[in-house]
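This is what each chain is made of:
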Amino acid sequence: MKILAVNGSPRKGWNTSKLLEHALEGAKSVGGETEEIVNLYDLNFRGCVSCFRCRVKEGGHPGRCAVRDDLSSILDRMAEYGGLLIGSPIYLWDVTSQTRAFLERLIYSNLAYRAENRSEYKGKTNAGFIYSMNATEERMKTSGYDFLFKSHMHFLSFLNGRARYMTSNDTWQFDDYAKYDVPLFDPAAKAEVRREQFPKDCKRAFEIGAGLVQSRR
């Protein structure tokens, strides 16, 4: 079972990418075939442009995005993957713009406007979504994020597999908090979360990755 991991963060080696690395290790530990993480911010691409080539009856491309750019080779091979891992930090109460653009291109071309058989997707791909955010778990629960998570799980169901997600909260944002004008945060408290909670989050990411493979068996 081949696993694709997509990093929607512009920061390599930080929270989101580390969580994705652990998720890939989890998939690999139960027999998944893993590749390098695809960093979306390294690619030159854009979101859906409403060309509707995936809706044209004669000569259209149902289930295939017609836009050609750096994302095309990934989208064209998506059905080969039995598992998809997506990681994104939360910026302004949403995933990053690159993550959103990736989802637009992946999901819309595979979405059918029919009452039944809503998916044009030719494969069966389990998905795991990993979110990292500065908000605490308590703040997340009272700020309406549940709608965001549920909507993504709905979108990913069009890949004909199972979808699940996890969050990593109150994340460590800066290499040195003293360098930045962020008096709202307590660096000592942030460091404690980094030391005590983040390793637990990495373990949960490992389990997300392993679950992609195990649920296909």
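Please refer to the structure higher up on the page.
Residues numbered from 1 in each chain as written. Predicted model: local features only at pLDDT ≥ 70, side-chain atom pairs only at ≥ 80, totals over all residues. Heavy atoms only, no water.

Chemist: How would you explain the packing of aromatic side chains if you had to name every residue and give the values?
Modeler: Under the defined criterion, the tally for this structure stands at ten aromatic pairs. A connected cluster of aromatic rings, assembled from ring pairs, spans Phe 129, Tyr 131, Tyr 145, Phe 149 and Tyr 165. The ring of Tyr 81 carries Lys 2 above its face, with NZ or CZ at 5.1 Å from the centroid. (Phe/Tyr/Trp six-rings, centres within 6.5 Å; stacked < 30°, edge-to-face > 60°. Lys NZ or Arg CZ within 6 Å of the ring centre and 35° of its normal.)

Chemist: Break down the nonpolar core for me, citing the residues and quoting the values.
Modeler: Core analysis: the largest hydrophobic core is formed by 38 residues, its most contacted members being Leu 4, Leu 84, Phe 102, Leu 106, Phe 129, Tyr 131 and Leu 156. The leading source of residues in this core is helix α3 (residues 97-108), at six residues. Setting aside anything within four residues of it in sequence, one finds Phe 102 in contact with Val 6, Leu 40, Phe 45, Leu 71, Leu 75, Leu 84 and Ile 86. (Core = buried A, V, L, I, M, F, W, Y, C linked by side-chain atoms within 4.5 Å. Buried < 20%, exposed > 50% of the residue type's maximum accessible area, 1.4 Å probe, protein only. Helix = DSSP H or I, 4+ residues; strand = E, 2+ residues; numbered from the N terminus. Contact = heavy atoms within 4.5 Å.)

Chemist: Describe the packing of helix α6 (residues 187-196) against helix α7 (residues 198-214), naming the residues involved and giving the relevant values.
Modeler: In contact at an axis separation of 4 Å, α6 and α7 are set at 40° when each is read in the N-to-C sense. In terms of their interaxial angle, α6 and α7 are classed as oblique. Two secondary-structure elements touch here, α6 through Val 193, Arg 194, Arg 195 and Glu 196 and α7 through Phe 198, Pro 199 and Lys 200. Taken together, the residues of the contact of α6 with α7 break down into three nonpolar, no polar and four charged. (Axes fitted to C-alpha atoms, helices over the stretch in contact; angles between N-to-C directions. Parallel < 35°, antiparallel > 145°, perpendicular 65-115°, else oblique. Nonpolar A, V, L, I, M, F, W, Y, C, P; charged D, E, K, R; others polar.)

Chemist: With reference to specific residues and values, describe the state of the cysteines.
Modeler: Enumeration over the complete set of coordinates arrives at zero disulfides. Here Cys 54 is not disulfide-linked; the sulfur of Cys 51 is the nearest cysteine sulfur, at 6.3 Å. What makes Cys 54 buried here is its relative accessible area of 11%. The closest cysteine sulfur to the non-disulfide-bonded Cys 65 is located on Cys 51, 6.3 Å from its own sulfur. (Disulfide = S-S within 2.5 Å.)

Chemist: Just give me the short version of the side chain of Asn 15, but keep the residues and values in it.
Modeler: Within the secondary structure, Asn 15 sits in helix α1 (residues 15-29). Using a relative accessible area of 7% as the deciding quantity, one classes Asn 15 as buried. Residue contacts for Asn 15: discarding those within four places in its chain leaves Ser 132, Thr 171, Trp 172, Arg 194 and Phe 198.

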